[in-house]
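Below are the chains, spelled out letter by letter.
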Amino acid sequence: MRVIVTAGPTREYLDPVRFLSNPSTGKMGFAIAAEAARRGHEVTLVAGPVALKTPNRVHRVDVTSAREMLAAVKKAAQRADILIATAAVADWRPAKCAAQKLKKSQMSGTLKLVRNPDILKTVKGVRKIGFAAETNDVLAEAVRKCREKGLSFIVANDVTKKGSGFGTDTNKVTFVFADGTLKFFPLMTKARVAKRILDEVSCL
Ligand code: CTP
């Protein structure tokens, strides 16, 4: 199969030296890309700014913002079978990015934001797997996102639980399907979670 994986955070700049972002390290997405390539799939890894080595036999496209990530995913999706979206995409970006560093005297204390595109929802014509990192109502939120974004299934995890937060090497996940079917897993390494996801993908 031809697989696209999104990974890491996006950065939304307000001037050349400041941005909005989140603590995603990209580990989950890189583990999936590595495992998919090991299984002989053709993998395009669209990565936000992360400090990870490109897995063997993976085609990596580096991006910074959500809009750049969308453009890279749309391009790769023209010849792909599946999109696995692990990226922690910033939902909002500053309405303007100043060409030069903003001086505090130029800033009012209020930052105007505009919505970023939803990459997973926008891309059509491929099977889609999402991730839902939640702090509350984990399963209900996962079912909602699975339906709204037209996903084959979504990988839900509670980021407040020990071993499941940003940057850890482990994750405790539940696969949530649009019809409400749930598959629970114990705490596993991200490498093992990647294997379970690709096992599930091979049954779709
Ligand atoms: N996602 C995406 N593009 C976005 C936001 C999210 O592709 N602009 C993807 C993520 O990669 C993930 C899934 O959608 O696979 C769910 O992301 P999440 O941030 O949990 O969901 P949101 O749609 O942002 O929902 P909410 O803000 O209501 O929690």
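Just so you know, the residues in each chain are numbered from 1, in the order the chain's sequence is written. For this predicted model, a pLDDT threshold of at least 70 governs which residues receive local features, and a threshold of 80 or more governs which side-chain atom pairs are given and counted, while totals over whole chains, interfaces and linings are taken from all residues. As a rule here, side-chain values come from all non-hydrogen atoms in the structure, and water together with hydrogens is ignored.

Time to look at the pattern of salt bridges. Counted as salt bridges are all cases of a side-chain nitrogen of Lys or Arg within 4 Å of a carboxyl oxygen of Asp or Glu. Summed over all chains, the structure comprises 15 salt bridges. In this structure, Lys-195 engages Glu-35 in a salt bridge whose closest nitrogen and oxygen atoms are separated by 3.4 Å. Of this pair, Lys-195 sits in helix 5 (residues 190-202) while Glu-35 sits in helix 1 (residues 27-38), placing them 160 residues apart in sequence. Exposure categories follow from relative accessible area, calculated using a 1.4 Å probe and restricted to protein chains: below 20% of the type maximum is buried, above 50% is exposed, and the middle band is partly exposed. Relative accessible area serves as the criterion here: at 25%, Lys-195 is assigned to the partly exposed category. Classification of Glu-35 as buried rests on a relative accessible area of 6%. Two residues, Arg-144 and Glu-141, come together in a salt bridge whose shortest N-O distance is 2.6 Å. In this pair, Arg-144 and Glu-141 both sit in helix 4 (residues 138-148), three residues apart, roughly one turn of the helix. On the basis of relative accessibility, which here comes to 22%, the residue Glu-141 falls in the partly exposed class. Taken together, the salt bridges that share partners define one network made up of Glu-35, Arg-38, Arg-39, Lys-195, Arg-196 and Asp-199. Helix numbers and strand numbers start at the N terminus; a helix is a DSSP run of H or I with at least 4 residues, a strand a run of E with at least 2.

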